[in-house]
Amino acid sequence: MVPALLLQIHTENAIEKGIRDREGAGQFLLRVRRQEGGCEIVIEDDGRGRPEQTELYTQRKGSTAVMDELIHLLNAYNPEPITVRYVDFIYGAPDTGQYGTRVVLFIPKSYRYECSEWQTLVVEDEADVRQELIDALNESPEFVVTGSADSLSEGVNLVQRQPSDVLFLDIKLIGGTAFDLLNHLKASGTPIPPVVINTGFREFEYAQKLHNDFHDEVVFILRKPFWEGWLRHREQIVEAIYARKQALRLTATPGSSRRMLSIQHNAQSHLINLDDVLKVNTGKKGQGKTEVVFERHKLDCNLSLSQLMPGRAILSRSTA
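Bear in mind that the values here come from a model prediction, so they are computed numbers and not experimental data.

Draft legend 1. Up close: the overall build of the protein chain. In terms of regular secondary structure, the protein chain is built from eight helices and 17 strands. Relative to its full complement of 320 residues, the protein chain shows a buried share of 46%. Sequence separation of at least 24 residues holds for 65% of the intrachain contacts in the protein chain that already meet a minimum separation of 6. For the protein chain, the accessible area works out to roughly 17000 Å², and carbon and sulfur atoms hold 50% of it.

Next up, the structure:
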């Protein structure tokens, strides 16, 4: 089943902002086609297109931003994402007055539209802090705590036997540290979910070192007492987990024929087709942002070059 909302905004854009005001009759195409592994939906019009820096472009971009955010949210709960690709000027060059826009969506066969709670593990040696954190997580719509432990050995066993989506991990544990736990999991080949480090003020530098050494696993450092600013921190944690799950999904399928990527630009999510990228400009190490260059526009993002361009060598390094 294809939710109507996935079609509504793009269909309205094609009719209301695409062909409605053009001279003569316009053409609108909606095609739904079953493909291997899922369903492809094509929405096409021969209207004015999406010329940049015009009111029309702003209207189309604004209406699709809501849809892009919804897809970004749902994709975090699915192993294969919905992809969206925009093709401009399908009926001619801008000076012809007949631009046209094509939107191509691909929905995997196994896609689920409900946002299930993240299975969460808590490893914390202080009993009162552990219970307070468990209660706060269970009251949050994004998390459900499915297991907890207070020691190194119990924590290792918990992660190995209990599938999970996120791990809240204290630095100091009975019988060891977070370093010991993560190193043990890595050495045993155990998949490590996104990790949120719980730390006190005196341990913060230690937590930062942990974040640097395990940058592929640690997504956030949560200072104790965690309830200070919990709502704001919870939102930041959720966003960090979304980003990490998206990065893991991309690196897990480098040979996918649907070469789509979600990047953040000006607090908005954009789904891009890697085949539309002309080049990538990278600044000096540790400075600036990565600039993704298309034929008609540019986007800035914080993804690394290896995440943006797996297997490609099309970059221009900035010397500024």
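Let's pick the thread back up.
Draft legend 2. The arrangement of the sheet that holds strand β11 (residues 218-223) in detail. Across the sheet, which stays open at both edges, the five strands sit in the order β6-β5-β7-β10-β11 with parallel pairing between neighbours. A single partner strand is all that each edge strand has here, and the edge strands are β6 (143-149) and β11. Ignoring which end each strand starts from, the neighbouring axes of this sheet average 25° apart. Where strand β7 (residues 166-170) lies against strand β10 (residues 195-199), four bridges are found, and the strand directions are parallel. Paired with F168 across the bridge in β10 is V196.

Draft legend 3. Spotlight on the environment of G26. Along the chain, the position of G26 falls in the loop between α1 (4-19) and β1 (28-35). Take G26: its relative accessible area is 36%, and that puts it in the partly exposed class. For the pair G26 and D46, spaced 20 residues apart in sequence, the C-alpha to C-alpha distance is 6.3 Å. Those residues in contact with G26 that lie beyond four places of it in its chain are I19 and D46.

Draft legend 4. Seen up close, the pattern of salt bridges. The tally for this structure, following the rule as stated, stands at eight salt bridges. Across the pair R102 and E44 runs a salt bridge whose closest N-O atoms are separated by 2.7 Å. Here R102, found in strand β4 (residues 101-108), pairs with E44, found in strand β2 (residues 38-45); they are 58 residues apart in sequence, far enough to count as distant. For R102, a relative accessible area of 27% translates into the label partly exposed. For D170, the salt bridge identified is with K224, shortest N-O distance 3.2 Å. Taken together, the residues D170 in strand β7 and K224 in the loop between β11 and α7 (230-252) connect sequence positions 54 residues apart. Here K224 falls in the partly exposed class, since its relative accessible area comes to 22%. Taken together, the shared-partner salt bridges connect E124, E126, D170 and K224 into one network.

Draft legend 5. Summary view of the packing of aromatic side chains. Applying the stated rule across the entire model yields five aromatic pairs. With a centroid separation of 5.7 Å and 55° between ring planes, the pair formed by W118 and F143 is classed as tilted. In this pair, W118 sits in strand β5 (residues 118-123) while F143 sits in strand β6, placing the two residues 25 residues apart along the sequence. Given the relative accessible area of 1%, F143 is considered buried. Arranged with centres 5.6 Å apart and planes meeting at 85°, the rings of F226 and W230 form a pair that is edge-to-face. On the basis of relative accessible area, F226 is assigned to the buried category, the value being 6%. Among the residues examined, W230 registers a relative accessible area of 11% and is labelled buried.

Draft legend 6. Local environment of the packing of helix α5 (residues 178-187) against helix α6 (residues 204-213). For the pair α5 and α6, the least separation of the axes is 11 Å and the interaxial angle reads 15°. Considering their axes alone, α5 and α6 lie roughly parallel with respect to each other. Judged by the sense of rotation from one axis to the other, the crossing of α5 with α6 is right-handed. Within the contact between the two elements, α5 uses A178, F179 and L182 and α6 uses Y206, K209, L210 and D213. Grouping the constituent residues of the contact of α5 with α6 by class yields five nonpolar, no polar and two charged.

Definitions and limits used
Residues numbered from 1 in each chain as written. Predicted model: local features only at pLDDT ≥ 70, side-chain atom pairs only at ≥ 80, totals over all residues. Heavy atoms only, no water. Helix = DSSP H or I, 4+ residues; strand = E, 2+ residues; numbered from the N terminus. Buried < 20%, exposed > 50% of the residue type's maximum accessible area, 1.4 Å probe, protein only. Contact = heavy atoms within 4.5 Å. Areas by Shrake-Rupley, 256 points an atom, 1.4 Å probe, with all protein chains shown as cover. Pairing = 2+ DSSP bridges. Axes fitted to C-alpha atoms, helices over the stretch in contact; angles between N-to-C directions. Salt bridge = Lys/Arg side-chain N within 4 Å of Asp/Glu carboxyl O. Phe/Tyr/Trp six-rings, centres within 6.5 Å; stacked < 30°, edge-to-face > 60°. Parallel < 35°, antiparallel > 145°, perpendicular 65-115°, else oblique. Left-handed = near helix turned anticlockwise from the far one by under 90°. Nonpolar A, V, L, I, M, F, W, Y, C, P; charged D, E, K, R; others polar.

Keep in mind these values describe shape, not function.
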